[in-house]
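Below, each chain spelled out in residue letters.
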There are 2 protein chains.
Amino acid sequence: MLNNEMVGLGKKRSVIREIFEYGNQRAKVVGKENIFDFSIGNPNVPAPDSVARAIEEIAQMDPVAVHGYTSAQGAEGVRQAMADDLNRRFGTDYGAHNFYMTCGAAASLTICLKALTASPEDEFLIFAPYFPEYQVFIQNGAGAKCVVIPAQIEDFQINFPVLEKSITPHTKGVLVNSPNNPSGVVYSNETMQKLADLLEEKSAEYGHPIYLISDEPYREIIYDGQAVPFIAPMYRNTLVCYSYSKSLSMPGERIGYILVPDSVEAFEDVYAAICGAGRVLGYVCAPALFQMVAAKCAGQTADLSVYETNRKLLLDGLRSFGYTCVAPGGAFYLFPRTLEPDAATFCECAKKYDLLLVPGDGFGVPGHMRVSYCVQTETIQRALPLFEKLAREYHAI
Amino acid sequence: MLNNEMVGLGKKRSVIREIFEYGNQRAKVVGKENIFDFSIGNPNVPAPDSVARAIEEIAQMDPVAVHGYTSAQGAEGVRQAMADDLNRRFGTDYGAHNFYMTCGAAASLTICLKALTASPEDEFLIFAPYFPEYQVFIQNGAGAKCVVIPAQIEDFQINFPVLEKSITPHTKGVLVNSPNNPSGVVYSNETMQKLADLLEEKSAEYGHPIYLISDEPYREIIYDGQAVPFIAPMYRNTLVCYSYSKSLSMPGERIGYILVPDSVEAFEDVYAAICGAGRVLGYVCAPALFQMVAAKCAGQTADLSVYETNRKLLLDGLRSFGYTCVAPGGAFYLFPRTLEPDAATFCECAKKYDLLLVPGDGFGVPGHMRVSYCVQTETIQRALPLFEKLAREYHAI
């Protein structure tokens, strides 16, 4: 008599959560410091000081103004601050009217998908490896079909021949996530341009826009002085889903936005559909105080140098023990191949050393594992000899 | 090619929002102080000082702990604080496991409705006058049917003969809102008991639970030393949807909860379905800092004496000018009859005096109007002579 789909989704713990809970139990036996938990993507770097300062400043203001409802799309001044930040950094020309503030990236995605889905035949394409909740948002949330493009495991860039064959008259949108969770890979400028060209061509062929939904929570977490290509100006029918969870290290506060550029076909209808979808899903407005915090801190980041240190340490270490791994350009994940084809068995074996790793199957790529390095650097230093022992067990070295 | 239902919902401004925007435009002509805007339910009473103190205290804590993800159902300590507060006030015996923290009452409702709806045949009953978004949440959100029980306009209590006839084998739930928006009426203990008995009887008759969804954002805003009957212990299959928007005057911060008592049939499945629905709708967790604020301030309220003053002033004034109005026991709305049958025409006429009132039609009760008195007392004092002039125009006095 209940919605069994919801019961199922509520009861089925994610693999990541299972491992996390195992770690909590195991910590009671061997001590928290002896658990090497690489399973969770919860930033360990504190929010920049400017966040605490912003909160304290705002808390001094008129509480009626601070804590009142904002308009459903977000306070106008806040949206203008979002526009100013992107315009300054990417030479764009957005205004407040291009933004819709949300309760974080998951809300940005569920709202966009609901706004665009006109029929259960509609298809959204995602690229393996992908964030597992994408399937839930597309299938169970929007009621559309989720089509997975298999991974190009040499470099985790886009497999264009397969993508091209997978676009059909039912393709409503393509979802990209660069820097990527779980691979850390950043799509190159060339990849992005090729994707834009293909979508433009296919939109013309089928006589309707194919939307590019760009999920960009890791946009500011990049290494080696690289720049993440900003896709929106490259393809006119792009919707950007952003969140301050990772850049400002405040994932619990649920603050982000949807950017709808003027170039999007039928802009007014698309923006209205987003407002309608937000309303239907019960999002009255994004949290008011943190809208202001985001406006004050837009464009800043937490201190990312720890991640850079961790990345080098872990990547160099794993490679020296015989692990194969694409070098990540951003985010805080490695996605190496496991030393045996069955990732679940391999990750189970790693537990003997209290190394907690996530099998790649849930991300759509068997034979790989996600290693989340948003941990203390010391944790990595102490874990490396264990990764080495694990490799020796598999005769990798 | 878009979701036209969402486009429509996004473009159709609510009547309340239309009036509010009209007021903004008109203020530019006659000055803000000469607009008497009784259209909006945005609390004008500041949050209690304890809210600002709590925010400042929390901002001093470890930012990684403060701003990190909580579990999807909310931090355990926060949920325990919610339980302790209700247990202390209502003599109940709830635990942390009975609570699911949400982004406010709208999220509580959309999540519950999604969790319960198993088929498009499922029906949810609402009582006129009702909060207009209920229809959106039930029909467009959960994809169920919304059945309206007409108002009993003498006292806005429940019309039981009609309710009884309206319960069918398809009835999945009944939604109540007491103290009520827009009437301000509080369901009496007798009404609540009668409702519980009827639902118990009908659940037995049809062989499945009929859930009572109790939307209680105004639970603490009550007058004359009255107590709002707490329905959950009176009917075992009750789900309580709560929000701190009104009690703590922080509607923009989006913090509330769903209470699922142990007595609910198939408790584990219902709670799981709520977790699943929250996941599908994109609610990762309720805002973390305000979860802690709610825990620290649970059971407190903003200073409600202004509302009490406003209520008396406005109710006495309107009645003395010949308006008929049920005395509200709580919330901050009056819902008087308009002085002509067509409420829209009447409210249009009131605009001549710069009195901004909301026609009752959108709340399911023609011939009435909502007068929101969460305004400055002085606004009411200066508006009363205008209400009098309006009444004279209609020869009411």
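Residues numbered from 1 in each chain as written. Chains lettered and ligands numbered in written order. Predicted model: local features only at pLDDT ≥ 70, side-chain atom pairs only at ≥ 80, totals over all residues. Heavy atoms only, no water.

### Brief notes about the overall build of chain A
Point 1. Broken down by element type, chain A carries 14 helices and twelve strands.
Point 2. Scaling as 2.2 N^0.38, a compact globule of 397 residues should have a C-alpha radius of gyration of about 21 Å, and chain A matches this with 21 Å.
Point 3. Dimensions of chain A, computed from C-alpha atoms along their principal axes, come out at roughly 60 × 55 × 55 Å.
Point 4. Taken across its 397 residues, chain A has 62% of its residues classed as buried.
Point 5. Split by element, the accessible area of chain A, about 14000 Å² in all, is 51% carbon and sulfur.
Point 6. For chain A, the distance from the average position of its 33 positive side-chain charges to the average position of its 45 negative side-chain charges is 6 Å. (Helix = DSSP H or I, 4+ residues; strand = E, 2+ residues; numbered from the N terminus. Rg over C-alpha atoms; globule rule 2.2 N^0.38 Å. Buried < 20%, exposed > 50% of the residue type's maximum accessible area, 1.4 Å probe, protein only. Areas by Shrake-Rupley, 256 points an atom, 1.4 Å probe, with all protein chains shown as cover. Lys, Arg positive; Asp, Glu negative; His and termini not counted. Charge placed at Lys NZ, Arg CZ, Asp CG, Glu CD.)

### Some words on the relation of the copies chain A and chain B
Point 1. Least-squares fitting of chain A to chain B yields an RMSD of 0.0 Å, with the transformation described by 0.0 Å of translation along the axis and a rotation of 180°. The symmetry that links the two subunits is that of a two-fold axis.
Point 2. In this assembly, 100% of the residues forming the interface of chain A have copies in chain B that are likewise at the interface, indicating an isologous arrangement. (Least-squares fit on C-alpha atoms with pLDDT ≥ 70 in both. Contact = heavy atoms within 4.5 Å.)

### Focus on the packing of helix H12 (residues 305–320) of chain A against helix H14 (residues 377–393) of chain A
Residue and element names in this part refer to chain A.
Point 1. Closest axis-to-axis distance for the H12/H14 pair is 10 Å, and the angle between their directions is 5°. Put simply, H12 runs roughly parallel to H14. Seen from H12, the contacting residues are Val306, Thr309, Asn310, Leu313, Leu314, Gly317 and Leu318; seen from H14, they are Thr377, Ile380, Gln381, Leu384 and Phe387.
Point 2. A breakdown of the residues in the contact of H12 with H14 according to their chemical character gives seven nonpolar, five polar and no charged. (Axes fitted to C-alpha atoms, helices over the stretch in contact; angles between N-to-C directions. Parallel < 35°, antiparallel > 145°, perpendicular 65-115°, else oblique. Nonpolar A, V, L, I, M, F, W, Y, C, P; charged D, E, K, R; others polar.)

### What to know about the pattern of salt bridges
Residue and element names in this part refer to chain A.
Point 1. Taken as a whole, this structure holds 40 salt bridges over all chains when the rule is applied.
Point 2. Here Lys145 and Glu121 are joined by a salt bridge, their closest N and O atoms 3.8 Å apart. A residue pair is termed long-range when its members are at least 10 positions apart, and Lys145 in strand E4 (residues 145–149) and Glu121 in the loop between helix H6 (105–116) and strand E3 (123–127) qualify at 24 residues.
Point 3. Note on Glu121: relative accessible area 40%, which makes it partly exposed.
Point 4. Ionic pairing is found between Asp122 and Lys172, a salt bridge with its closest N-O pair at 3.0 Å. In this pair, Asp122 is assigned in the loop between H6 and E3 and Lys172 in strand E5 (residues 171–176), connecting sequence segments 50 residues apart.
Point 5. Overall, Asp122 belongs to the buried group, its relative accessible area being 8%.
Point 6. One salt-bridge network, in which partners are shared between bridges, spans Asp85, Arg88, Arg89, Glu216, Arg219 and Glu220. (Salt bridge = Lys/Arg side-chain N within 4 Å of Asp/Glu carboxyl O.)

### Side note on the sheet that holds strand E8 (residues 256–259) of chain B
Residue and element names in this part refer to chain B.
Point 1. Judged by pairing direction, the sheet is mixed, and its seven strands sit side by side in the order E2-E8-E7-E6-E5-E3-E4 without closing on themselves. The open sheet has two edge strands, strand E2 (99–102) and strand E4 (145–149), and neither has a second partner. Direction aside, neighbouring strands of the sheet carry axes that sit 20° apart on average.
Point 2. Looking at chain direction, E2 and E8 are connected through four bridges and run antiparallel. (Pairing = 2+ DSSP bridges.)

### A closer look at the nonpolar core
Point 1. Core analysis: the biggest nonpolar cluster contains 112 residues, and Ile213, Val260 and Ile274 of chain A together with Ile213, Val260 and Ile274 of chain B have the highest contact counts within it.
Point 2. Of all hydrophobic cores here, the second largest spans 62 residues; its members include Val66 and Val240 of chain A together with Leu86 and Val240 of chain B. (Core = buried A, V, L, I, M, F, W, Y, C linked by side-chain atoms within 4.5 Å.)

### Comments concerning the sheet that holds strand E11 (residues 358–359) of chain A
Residues and elements named next belong to chain A.
Point 1. Spatial ordering of the open sheet is given by E9-E12-E11, a layout of three strands whose pairing is antiparallel. Taken across any chain shown, the strands that pair with only one partner, and hence form the sheet edges, are strand E9 (333–334) and E11.
Point 2. Across two bridges, E9 lies against strand E12 (residues 369–372) in antiparallel orientation. Looking across to E12, one finds that Leu334 is bridged to Val371.

### Focus on the packing of aromatic side chains
Point 1. Counted under the stated rule, the structure contains 39 aromatic pairs over all chains.
Point 2. Between Tyr218 of chain A and Tyr333 of chain A, the aromatic rings sit 5.7 Å apart at their centres with planes inclined by 80°, giving edge-to-face as the arrangement. On the criterion of sequence distance, the pair formed by Tyr218 of chain A in the loop between strand E6 (211–215) and strand E7 (238–243) and Tyr333 of chain A in strand E9 is long-range, its members being 115 residues apart.
Point 3. Taken together, a centroid distance of 4.3 Å and an interplanar angle of 25° make the contact between Tyr283 of chain A and Tyr283 of chain B stacked. Of this pair, Tyr283 of chain A sits in the loop between helix H10 (267–281) and helix H11 (288–297) while Tyr283 of chain B is found in the loop between helix H10 (267–281) and helix H11 (288–297), placing the two residues in two different chains. (Phe/Tyr/Trp six-rings, centres within 6.5 Å; stacked < 30°, edge-to-face > 60°.)

### Some thoughts on the confidence of the model for chain A
Point 1. Per-residue confidence for chain A averages 95 on the pLDDT scale, and 100% of its residues sit at or above 70.
Point 2. Interface predicted TM-score (ipTM) for the complex: 0.95; the corresponding pTM is 0.96. (pLDDT = per-residue confidence, 0-100.)

### Thoughts on the interface of chain A and chain B
Point 1. If you look at the interface, chain A gives 72 residues, while chain B gives 72 residues.
Point 2. In total, about 5800 Å² of surface goes out of reach between chain A and chain B, with carbon and sulfur atoms giving 62% of it.
Point 3. The tally of links from chain A across to chain B stands at four salt bridges.
Point 4. Run the count over chain A and chain B and you get 35 residue pairs in polar contact (both at pLDDT 80 or more).
Point 5. Taken together, the residues of the side of chain A that touches chain B break down into 43 nonpolar, 17 polar and twelve charged. (Buried area = accessible area lost by both parts, 1.4 Å probe. Polar contact = N/O pair within 3.5 Å; in protein donor to acceptor, adjacent residues only side chain to side chain.)

### Re unusual backbone geometry
Residue and element names in this part refer to chain A.
Point 1. Cis geometry marks the peptide bond from Ala128 to Pro129, where omega comes out at -5°.
Point 2. Mapping Pro129 onto the fold places it in the loop between E3 and helix H7 (133–141).
Point 3. Phi angles above zero are rare outside glycine, and Asp354 is one such case at about 60°.
Point 4. By the element assignment, Asp354 lies in the loop between helix H13 (343–350) and strand E10 (355–356).
Point 5. Since its relative accessible area comes to 8%, Asp354 is described here as buried.

### Brief notes about the side chain of Thr171 of chain A
All names here are of chain A.
Point 1. By the secondary structure assignment, Thr171 is in strand E5.
Point 2. Residue classification places Thr171 among the buried positions, given a relative accessible area of 0%.
Point 3. Within the structure, Thr171 has its side chain in polar contact with the backbone nitrogen of Thr168 (distance 2.8 Å).
Point 4. Residues contacting Thr171, with those up to four places away along its chain left out, are Glu123, Leu125, Ser166, His208 and Ile210.

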